[in-house]
Amino acid sequence: MSIASTCSAASAFKKLIAGNNRFLTDERKPTSPELMLELAKNGQKPYAVIVSCSDSRVVPEMIFDSDLGELFVIRTAGNTVDDYCLGSIEYAVAHLGCRLVVVLGHTHCGAVAAALGGVRERHICHITDRIRAAIGNEKAPGRACELSIRSTLHQIENDLTERHDVRYVGGIYDIATGRVDFFEDLREDE
Ligand SMILES: [Zn+2]
């Protein structure tokens, strides 16, 4: 078995949809020791970057039923990104061949709630200030979550402007149902 070549954004998007459906129907695929050896020998070729919340209920590798070597995941509270995160995303796109970048928020996000509640503590304020700037006067948690995700997407896109073959999409994971709703459908985007 050899590592697949670069996966298009649309193909990557279809894999995420299929993985979330397997997660929802409990048809998850097992990891093989052979794959671990293959990845150790030939390196990783993840098909998507996922920027998600650190929330313990939001685990991208599980949500998308992904195997080892498939997702390049960055997690911070409130799926906010700083220069370190942008460097990680840049690396995944420029050196690992990722052509799809997903910013994944979720329902009942504590970081969004903290921003809405005006929380400003030591280092937490870096996160809540960023989210507050993104949501403006919005008070509804769901809409605030979406605005925060879109802000992070813009931040990443602006940082990777020279990559015209990369697609960016936001999504919200419902922690009660396990379902991911993407802001756009990229399945036909070949
Ligand atoms: Zn969260």
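Everything discussed here concerns the structure shown above.
Nothing here was measured: the structure is a model prediction, and the numbers come from that model.

Novice: What exactly am I supposed to notice about the nonpolar core here?
Specialist: In summary, soluble globular proteins display a tendency toward joint burial of nonpolar side chains. If you look at the biggest cluster of nonpolar residues, it comprises 31 residues, and the most contacted ones within it are V49, V51, I89, V101 and I156. Those elements that place two or more of their residues in this core are β1 (48-53), β2 (71-76), α4 (83-96), β3 (100-106), α5 (110-116), α6 (124-135), α7 (141-159) and β4 (167-173). The residues touching I89, leaving out its near neighbours within four places in the chain, are V49, V51, I74, V81, V101, I156 and L160. Residues A9, I17, Y47 and F64 belong to the second largest nonpolar core, which totals 22 residues.

Novice: What exactly am I supposed to notice about the side chain of T152 here?
Specialist: With respect to the helices and strands, T152 occurs in helix α7. Setting aside residues no more than four positions away along its own chain, T152 makes contact with N79, T80, V81 and V103.

Novice: Whenever I open this one, the state of the cysteines confuses me. Can you help?
Specialist: A covalent bond between the sulfur atoms of two cysteines is what we call a disulfide. Tallied over the full model, the rule gives zero disulfides. For the unlinked cysteine C7, the closest cysteine sulfur is that of C98, found at 9.0 Å. C7 sits in the buried class, given a relative accessible area of 15%. Left unpaired, C85 is separated from the closest cysteine sulfur, that of C53, by 12 Å. C85 sits in the buried class, given a relative accessible area of 8%.

Novice: How should the packing of α6 against α7 be read in this particular structure?
Specialist: Packed helix pairs are specified by the crossing angle of their axes together with the interaxial distance, meaning the distance between the axes. Running from amino to carboxyl end, α6 crosses α7 at an angle of 100°, the nearest separation of the two axes being 8 Å. Considering their axes alone, α6 and α7 lie roughly perpendicular with respect to each other. Mapping the contact onto sequence places R130, I131, A134 and I135 in α6 and A144, L147, S148, S151 and Q155 in α7. Each residue belonging to the contact of α6 with α7 can be placed in one class, and the counts come to five nonpolar, three polar and one charged.

Novice: Hey, could you run me through unusual backbone geometry in this one?
Specialist: Comment: phi is negative for the bulk of residues other than glycine, and the bulk of peptide bonds are trans. You will see that D26, though not glycine, has its phi angle at about 60°, which is positive. Note that D26 resides in the loop between α1 (9-25) and α2 (33-42). You will see that D65, though not glycine, has its phi angle at about 45°, which is positive. Looking at where D65 falls in the secondary structure, it is placed in the loop between α3 (60-63) and β2. The exposure class of D65 is buried, given its relative accessible area of 5%.

Novice: Is there a simple way to explain the coordination of the zinc ion in this structure?
Specialist: Think of it this way: four donors in a tetrahedron around the metal ideally sit 109.5 degrees apart, and six in an octahedron ideally sit 90 or 180 degrees apart. Within the protein, the zinc ion binds to C53 (SG), H106 (NE2) and C109 (SG); these donor distances fall in the range 2.0 to 2.3 Å. Along the chain, the residues donating to the zinc ion are arranged with the sequence spacing C-x52-H-x2-C. On the basis of relative accessibility, which here comes to 1%, the residue H106 falls in the buried class. Classification of C109 as buried rests on a relative accessible area of 7%.

So, how was this worked out
- Per chain, residue numbering runs from 1 following the sequence as it is written.
- Only residues with pLDDT of 70 or above have their local features reported here, since the model is predicted, and side-chain atom pairs are shown and tallied only from 80 upward, although totals for entire chains, interfaces and linings are computed over all residues.
- Side-chain metrics in this entry use all non-hydrogen atoms of the structure; hydrogen atoms and water are not considered.
- As used in this record, nonpolar core signifies buried Ala, Val, Leu, Ile, Met, Phe, Trp, Tyr and Cys residues forming a set joined through side-chain atoms within 4.5 Å.
- Each residue's exposure class comes from its accessible area (1.4 Å probe, protein chains only) as a fraction of the maximum for that residue type: buried when under 20%, exposed when over 50%, partly exposed otherwise.
- Secondary structure counts use DSSP, requiring at least four H or I residues in a row for a helix and at least two E residues in a row for a strand, with both numbered from the N terminus.
- In what follows, residue pairs with any heavy atoms lying within 4.5 Å of each other are defined as contacts.
- Note on terminology: pairs of cysteine sulfur atoms within 2.5 Å are recorded as disulfides.
- Between the N-to-C directions of two axes lies an angle of 0 to 180 degrees, each axis being a line fitted to C-alpha atoms and, for a helix, fitted only over the stretch in contact.
- Angular relationships are summarised with four words: roughly parallel below 35 degrees, roughly antiparallel beyond 145, roughly perpendicular across 65 to 115, and oblique for the angles in between.
- Residues are grouped as follows: Ala, Val, Leu, Ile, Met, Phe, Trp, Tyr, Cys and Pro are nonpolar; Asp, Glu, Lys and Arg are charged; all remaining types, including Gly, are polar.
- Counted as donors are N, O and S atoms no farther than 2.8 Å from the metal, or 3.2 Å for Na, K and Ca; water is not among the atoms, and sites may therefore look incomplete.

Nothing here speaks to function; it is geometry throughout.
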